[in-house]
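What follows is the residue order along each chain.
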Amino acid sequence: MEELLQALLLPEPQARREAWYHWRAGIDIAALPYDCQLLLPALNPWLSTWLRDDSAAGIFQGVIRMIWTQNQLRLRDACDVVSLFEAAGVRKPAVVGPLAWALRTKPPAVRAIPGNLMFLVSREDIGKAYQALLGAGWQPYSDSPSGEWLDWSGHVSFARDKLHLHLYWRVLMTKPEDSLECEKVFLRHLQEIEWNRTPLVTTSPEATLLHILHGGPESDSLPWQADVLLTATPRMNWTRFRKLALRFSPAALERLAELHEWNPLLAPWFPADRHSLLRRKFRLFWSEYRTASYGRRERTGWLGFLRYLQARWNTPSMWQMPLAGARRAFHYRRTLLR
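Residues numbered from 1 in each chain as written. Predicted model: local features only at pLDDT ≥ 70, side-chain atom pairs only at ≥ 80, totals over all residues. Heavy atoms only, no water.

## A closer look at the overall build of the protein
Piece 1. Scanning the protein from terminus to terminus reveals 16 helices and seven strands.
Piece 2. Partitioning the contacts of the protein with sequence separation of at least 6, the portion at a separation of at least 24 is 62%.
Piece 3. Of the roughly 18,100 Å² of accessible surface on the protein, 54% is carried by carbon and sulfur atoms. (Helix = DSSP H or I, 4+ residues; strand = E, 2+ residues; numbered from the N terminus. Contact = heavy atoms within 4.5 Å. Areas by Shrake-Rupley, 256 points an atom, 1.4 Å probe, with all protein chains shown as cover.)

Written out as C-alpha cells, the structure is:
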C-alpha cells in the first residue's frame, strides 16, 4: 500500500513509475487487497501508460470501472436524499465526507465513495431532516438528538438496504463550548458543486481540507494524503485555512507539514506559531474560562474572565488583578528560563 501511495504522491514522474512497478511486482492480482482497489482509481491519469505491457491490464481497468459505477449509484442516492431534505424544509443541506471529496476530484482520477452517505445541516434543521429520513424508510441508530447532545456529539446515523447515512450538524469533534462556533464556520461560504447537471452544495475548500486532515470515525480506507492531492484547488485561501486549523484542529497543520516534506508541491509550508509565551498562556486561561463558563451555563465576557482569574489567583480585589497578573507572568517566565 505504501508503494501504491508513493505512485500517487511523489513529485517526479519517474519516481511515481518506479513506485508503481515495485508495487506491481509484489502483488497477487487474484488477491488484490480492498484498500488497494480503492486507491487504484486515483491513479487513473497514469495507468494507461503503466499498464501498456501488463497482462492484467484488463483486470485493473475493470476495478476502476466498477468503482466508477458504484460512485454513480452513491451520487444518485445522495441527490435523492438532498431532494428529500429540501422538500422537508431543510435549508441548504450539504454533502460532505468522501461523497463531496469525490465530487471535487478532477477526472480522469476517481475518488472511490464507500457505502456511506454524509450530509451536513444546521442544528436547527436536525429535527426536520431526522423525520424526513424516518418517513423515507431510513432506520436510525439512536433517537433524534437534542439539548446537550448537540454540543457533545456531531452526527446521528441511519441505515437502509445495506447503505449507511450519517447526518451531521458538526463534522469536527470539538469541545462542547466550541460547538456552535465550529458549526457556523462550516456552514459559512458553502459552495455549489455539480454532478450530472444536478447542483449540490458542499463546504468551502478550506473547510473541506480541514475535515480531511482532521480525520474522524467516518474515514475509510483511502489515505488522507490521497484526498489532499485529489481535492486540491488553486482557489484555496491558505490564510483562512490556517486560521481555521489553529482554532479547531491544530493537528491538521502537523499533517500538512508532513505532506510538505514528502512533496512540497502538494502543500505549503506554514511557519510555527510565533505568539509569545505569555500570549499562549493567556489563551490557555481563556480556554479554561470558556470551559468553566459552559459548565455553569454562563455567557462569556471580559468581566466574567476577570472574575474567573480573580478566583483562580485568589486575589482579594479585582483592582489588584494587574499586579497579580504581572507577578505571575514574571514567575512563569523565570521558571521557563531555568
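That was the structure; now back to the text.
## A look at the packing of helix H1 (residues 2-9) against helix H2 (residues 13-25)
Piece 1. Where H1 contacts H2, the two axes come as close as 7 Å, and the packing angle between them is 155°. When the interaxial angle is binned, H1 and H2 end up roughly antiparallel. Two packed elements cross with a definite hand, and for H1 against H2 that hand is left-handed. Across from Glu 3, Leu 4, Gln 6, Ala 7 and Leu 8 in H1, the residues of H2 making contact are Arg 16, Ala 19, Trp 20, His 22 and Trp 23. (Axes fitted to C-alpha atoms, helices over the stretch in contact; angles between N-to-C directions. Parallel < 35°, antiparallel > 145°, perpendicular 65-115°, else oblique. Left-handed = near helix turned anticlockwise from the far one by under 90°.)

## Re helix H9 (residues 179-187)
Piece 1. By the burial criterion, the buried members of H9 are Ser 179, Cys 182, Glu 183, Val 185 and Phe 186. Projection of H9 onto a plane perpendicular to its axis shows the buried side chains occupying an angular sector of 160°, all on one side.
Piece 2. In the segment just after H9, His 189 is the residue with positive phi, at about 60°. (Buried < 20%, exposed > 50% of the residue type's maximum accessible area, 1.4 Å probe, protein only. Arc of directions from axis to C-beta.)

## Points about the pairing of strand S6 (residues 191-195)
Piece 1. Note that S6 and strand S7 (residues 198-202) share five bridges and pair antiparallel. Pairing of Gln 191 across the sheet is with Thr 202, part of S7.
Piece 2. What sits between S6 and S7 in their antiparallel hairpin is a turn of two residues, with Asn 196 showing a positive phi close to 50°. (Pairing = 2+ DSSP bridges.)

## A few points about the sheet that holds strand S3 (residues 139-140)
Piece 1. A sheet is described by the order of its strands in space; here five strands give the open sequence S1-S2-S5-S4-S3, paired in mixed fashion. Looking at strand neighbours, the two that pair on one side only are strand S1 (94-95) and S3, the edges of this open sheet.
Piece 2. Summarising the sheet, strand S4 (residues 155-160) and strand S5 (residues 163-168) pair through six bridges and their orientation is antiparallel. When the bridges of S5 are listed, Ala 159 appears paired with His 164.
Piece 3. Against the sheet, helix H7 (residues 126-135) makes contact with S3, S4 and S5, and its axis sits at roughly 165° relative to S5, the strand it touches most.

## Focus: the environment of Ser 144
Piece 1. Position of Ser 144 relative to the elements: it lies in the loop between S3 and helix H8 (149-152).
Piece 2. The spatial distance from the C-alpha of Ser 144 to the C-alpha of Val 156 is 7.8 Å, given a sequence separation of 12 residues.
Piece 3. Apart from residues no more than four positions distant in its own chain, Ser 144 is found in contact with Gly 127, Tyr 130 and Trp 149.

## Let's talk about the side chain of Thr 231
Piece 1. Mapped onto the elements, Thr 231 comes out in the loop between helix H11 (224-230) and helix H12 (238-248).
Piece 2. On the basis of relative accessibility, which here comes to 6%, the residue Thr 231 falls in the buried class.
Piece 3. Within the structure, the side chain of Thr 231 is placed 2.7 Å from the backbone oxygen of Asp 227, a separation counted as a polar contact.
Piece 4. When neighbours within four sequence positions are excluded, Thr 231 is seen to be in contact with Trp 101, Arg 104 and Ile 212. (Polar contact = N/O pair within 3.5 Å; in protein donor to acceptor, adjacent residues only side chain to side chain.)

## Here's the deal with the packing of aromatic side chains
Piece 1. By the definition in use, this model includes eight aromatic pairs.
Piece 2. Each ring, one from Trp 20 and one from Trp 23, has its centre 5.1 Å from the other, and the planes form 40°; the classification is tilted. Placement of the pair is Trp 20 and Trp 23 together in helix H2, with a separation of three residues, close to one helical turn. The same class applies to Trp 20 as to Trp 23, namely buried. (Phe/Tyr/Trp six-rings, centres within 6.5 Å; stacked < 30°, edge-to-face > 60°.)

## Brief notes about the pairing of S4
The side chains of a regular strand alternate between the sheet's two faces.
Piece 1. Pairing of S3 with S4, which is carried by two bridges, proceeds in the antiparallel orientation. Opposite Gln 139, over in S4, you have Ala 159 as the bridge partner.
Piece 2. Counting the residues in the hairpin turn of S4 and S5 gives two residues, including Asp 161, whose phi is positive at 55°.

## Observations concerning the confidence of the model for the protein
Piece 1. Of all residues in the protein, 80% have pLDDT values of 70 or greater, and the mean over the chain is 85.
Piece 2. Within the protein, S1 carries the highest mean pLDDT (98), whereas helix H16 (residues 321-337) carries the lowest (51). (pLDDT = per-residue confidence, 0-100.)

## A word on the side chain of Asp 151
Piece 1. Here Asp 151 lies in helix H8.
Piece 2. When its relative accessible area of 10% is taken as the criterion, Asp 151 is described as buried.
Piece 3. Here Arg 123 takes part through its side chain, which lies 2.9 Å from a polar atom of the side chain of Asp 151.

## What to know about H7
For the α-helix, the turn length of 3.6 residues means that residues three or four positions removed from each other point alike.
Piece 1. Within H7, burial applies to Ile 126, Ala 129, Tyr 130, Ala 132 and Leu 133. Buried residues in H7, looked at end-on, bunch into an arc of 165°, giving them a common side.
Piece 2. If you follow the buried residues of H7, they end up packed against helix H5 (57-87), S3, S4 and S5.
Piece 3. Gly 137 lies just past H7 and shows a positive phi near 90°.

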